[in-house]
Every structure is written in structure tokens, then in C-alpha cells.
Amino acid sequence: METLKKVVTNQYFPAGAVLTAVLLFWVVAMLGGLSLLNNNQPPLTTLTWMLFVYAAAVLTPLAGLFAAVDLVRRWRRNRAAATTTGTGSPSAAAGEAPHPAQPQNSHPAPANPQRPGRQEAA
């Protein structure tokens, strides 16, 4: 039960689940999922099934693309965070200095920036 909780609360789970569902849909379609249209059914049932398949054929590649982009974005963000902290990065193991997240020449932003011409009330 604890393992299931870790999997479901993982940041990669939603995008991974969508990508898995999209791949499963297309595998079933390639293996003959459209053969249901060959049965002798009422026209309204056939039309409903065709509209569902059409919508799924249009929307699943889009959902799969968004899920894949989200997975890659999260993976890159986590990898970049690991390299800046110096833990578990390939560059740290090779003896290279980690890349800082902020350029060394820059100064941190002031805590309470004021716009010119305005003063705070005392």
C-alpha cells in the first residue's frame, strides 16, 4: 500500500498515466479495435462509435504530446536542480564544477522594490 501511495503521489504519475493510456489506445487500435464497426448495429450506435473513435484519434496524439513534453520538462528541471546542488550529477562525479543557477555578476533583487516617484506611508 505504501508503494502504491508513493507511485500515485509521484510528480511524474499524471503525465505517465496519460501517456500510457494513449499508447494503450493506439496498440488496441492497431490490433483491430475498429473491427467493432463491422458488426450489424443500429445506425445511431455506429455513428456514436465513429464519433468517439474520431475524437479519440484526434485528441490522443495531442494528449500524448503534452504528456511527453511535461515528462521531459520535469526530468530536465530535476536534473538541473541536482546539478546545481552537486548531488548525483554526472558532472560532479567527473570533477567539473556545477553550473550556477544565477550568474555570478548579478546582484539579488531588493526585498521590497519601490517604483520611482512613490513613497511608502509611515
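Look above for the structure.
Report follows, based on the coordinates. (Residues numbered from 1 in each chain as written. Predicted model: local features only at pLDDT ≥ 70, side-chain atom pairs only at ≥ 80, totals over all residues. Heavy atoms only, no water.)

## So, the overall build of the protein
Counting its regular elements, the protein contains 4 helices and 0 strands. Counting every position in the protein, which comprises 122 residues, the buried fraction comes to 11%. Contacts spanning at least 24 positions in sequence make up 62% of the contacts within the protein whose residues lie at least 6 apart. When the accessible area of the protein is evaluated, it comes to approximately 10200 Å², of which 66% is carbon and sulfur surface. (Helix = DSSP H or I, 4+ residues; strand = E, 2+ residues; numbered from the N terminus. Buried < 20%, exposed > 50% of the residue type's maximum accessible area, 1.4 Å probe, protein only. Contact = heavy atoms within 4.5 Å. Areas by Shrake-Rupley, 256 points an atom, 1.4 Å probe, with all protein chains shown as cover.)

## As for the pattern of salt bridges
If the charged atoms of two oppositely charged side chains come close together, the side chains can form a pair. Counted according to the given criterion, the structure contains 2 salt bridges. With a closest N to O distance of 3.0 Å, Arg74 and Asp70 form a salt bridge. Placement of the pair is Arg74 and Asp70 together in helix H3 (residues 43–85), with a separation of 4 residues, close to one helical turn. In this structure Asp70 comes out as buried when scored by relative accessible area, which is 17%. Salt bridges sharing common partners tie together Asp70, Arg73 and Arg74. (Salt bridge = Lys/Arg side-chain N within 4 Å of Asp/Glu carboxyl O.)

## Some remarks on helix H2 (residues 13–30)
Spanning 18 residues, H2 covers 25 Å between terminal C-alpha atoms, matching the ideal 26 Å at 1.5 Å per step. Positive backbone phi, approximately 110 degrees, marks Gly32, located one or two places after H2. (Expected span 1.5 Å × (residues − 1).)

## Digging into the packing of aromatic side chains
Evaluation of the coordinates by the stated rule reveals 2 aromatic pairs. Aromatic side chains Phe25 and Trp26 sit 5.4 Å apart centroid to centroid with 85 degrees between the ring planes, which places their arrangement in the edge-to-face category. Residue Trp26 is classed as partly exposed on the basis of its relative accessible area, which comes to 30%. Each ring, one from Trp49 and one from Phe52, has its centre 5.5 Å from the other, and the planes form 35 degrees; the classification is tilted. Here Phe52 and Trp49 lie together in helix H3, a separation of 3 residues that amounts to about one turn. Judged by relative accessible area, which is 26%, Trp49 ranks as partly exposed. On the accessibility criterion, Phe52 (45% relative accessible area) is partly exposed. (Phe/Tyr/Trp six-rings, centres within 6.5 Å; stacked < 30°, edge-to-face > 60°.)

## Points about the side chain of Thr60
Among the secondary structure elements, Thr60 is positioned in helix H3. By relative accessible area, which is 14% here, Thr60 ends up buried. Polar contacts involving the side chain of Thr60 include one to the main-chain carbonyl oxygen of Ala56, which spans 2.6 Å. (Polar contact = N/O pair within 3.5 Å; in protein donor to acceptor, adjacent residues only side chain to side chain.)

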